[in-house]
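Residues per chain, in single letters:
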Amino acid sequence: MKPVFLDHNATTFPSKTVVKALANFSAWGNPSSIHQSGQKARSILTQARRQIAKEIGCAPGEVIFTSGGSESNNLAIKGMLDHIIKIGRPKIISSVVEHPSVFNALKDLDENLIEVIRVPVTKEKGFDYEFLEEKLRSENVGLVSVMTANNETGEVFDIDRIVELAKKYGSFVHSDMVQTLGKLPVDLLKTRVDLASFSAHKFYSLKGLGVLFQRKGTPLLREISGGGQERGRRAGTENVLAAVCLGEQIKSLSETKDKVKAIKLLRDLMETRIKSEIGDVEVLCEKRERLSNSSMLFINGVEGETLLMNMDLKGYEISTGAACSSGNPEPSPVLIAMGLTNKEASCSMRLSLGWETTEDEINGFVDTLKEVVKRLRSLT
């Protein structure tokens, strides 16, 4: 049978809208060229930029095209360093559960120039907002970089509260919003972050395109030297094809409320059946706000990687954590940072549903999972 894909937080399949845009695309000129082919590409790139800006609530000039969410995160953080050092606020606050592109970008910074402060996020209490405010009050913090929604646990953080605290004490704010498009409302006019990262392939469009929102007046130095593309903020020929596809796909952003509700019903059905029919199962962050499509489960007595491989052989594609960390034999750093033991974290299973996921697929998945877990538990 066709594999059932339940790993949509890792990537999504291009929508019919995107496939149609691909088929109709013909602007293969370089948008920096002044001849007709180049200007045709420039024109549709400008149109895509305007459409994306309209849907996320910002001005077109505040949209920077990058190669993906990881580059957007790196540009946001490293592009701010010179400024926060100059103003005498050489400290950055982030959380312990950030995506590897944020966590490792901060880890790579020169400790003699920048101090990184990590906000605890625990299994029991979630994000520690009191710790954040205490550090903002007592330290010279130039930048706060906290994700809006976690790609592994699905937990949604109160970014408006984080922004309010940061602005109270004079800090810039960056948020990794890669998991938000099509799952949470996005309005950068209301959410007063200074920088925000997005990725096209998390929203049923193409890989190879990211967006960094840079609010007007926010200082940012380029990380890639070269030509003057993206108003000198990101050198390199723009990925016009991917930008056009995202521009078309993002038109549906305001129509996703019903899809979000439908996915949540399926997710809740799945969790209810798994807890009642398999037993000895825990849902992480169950009592806190989560993305409607996301579920991080711990099935006691079954090692996550073994479960993943067995379910894959049965035609169900799932995950145990961030796709960017696949191949690492160690348990998810996010789960360890939240206070779980290696043994607990090794029993994790991440499920993330998509717009095309059906009730029949979910019921088939749970039926198969019951059989696999029963067999694996009997072996131990």
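Predicted, not measured: the structure shown is a model, and the values here were computed from it.

*Asks:* Please give an account of unusual backbone geometry that cites residues and values.
*Replies:* Residues other than glycine seldom take positive phi values, yet Tyr 204 does so here, at roughly 60°. Residue placement: Tyr 204 occurs in the loop between strand E9 (195-199) and strand E10 (210-214). A positive phi angle, close to 60°, is found at Cys 285, a residue other than glycine.

*Asks:* I'd love a proper account of the pairing of strand E7 (residues 141-145), names of residues and values included.
*Replies:* Within E7, 5 of the 5 residues are buried, which leaves the element mostly enclosed by the surrounding structure. Judged from the 4 bridges that link them, strand E3 (residues 91-95) and E7 form a sheet pairing that is parallel. Directly across from Lys 91, in E7, lies its bridge partner Val 141. In terms of strand pairing, E7 meets strand E8 (residues 172-176) through 3 bridges, oriented parallel. Bridge pairing in E8 places Ser 145 opposite His 174. Taken together, E7, helix H7 (residues 159-168) and E8 constitute a β-α-β crossover, and its handedness is right-handed.

*Asks:* Please give an account of the pairing of strand E14 (residues 348-352) that cites residues and values.
*Replies:* Among the 5 residues in E14, 5 count as buried, and that is most of the element. What you see with E14 is no split at all: Ser 348, Arg 350 and Ser 352 on one side and Met 349 and Leu 351 on the other are buried throughout.

*Asks:* I'd like a rundown of the sheet that holds strand E12 (residues 294-299), residues and numbers included.
*Replies:* Strand order in the open sheet formed by 3 strands is E11-E12-E14, and the pairing between neighbours is antiparallel. The open sheet terminates on both sides in strands that have one partner only, identified here as strand E11 (281-283) and E14. Neighbour-to-neighbour, the strand axes of the sheet open up by a mean angle of 25°, direction not taken into account. Bridge count for E12 against E14 is 5 bridges, and the pairing is antiparallel.

Definitions and cut-offs
- Per-chain numbering applies: the sequence of each chain, read as written, is numbered from 1 onward.
- Since the coordinates come from a predicted model, pLDDT governs what is reported: local features require at least 70, and pairs of side-chain atoms require 80 or more to be given and counted, while whole-chain, interface and lining totals use all residues.
- Each side-chain value is worked out from all heavy atoms of the structure, with water and hydrogens disregarded.
- Each helix corresponds to a stretch of at least 4 residues labelled H or I by DSSP, and each strand to a stretch of at least 2 residues labelled E; elements are numbered beginning at the N terminus.
- Each residue's exposure class comes from its accessible area (1.4 Å probe, protein chains only) as a fraction of the maximum for that residue type: buried when under 20%, exposed when over 50%, partly exposed otherwise.
- Strand pairing requires that DSSP identify at least two bridges connecting the strands.
- A clockwise path from the first strand over the helix to the second, with the strands pointing away from the viewer, defines a right-handed crossover.
- Interaxial angles span 0 to 180 degrees and are taken between N-to-C directions of axes, which are lines fitted to C-alpha atoms, for helices over the stretch in contact.

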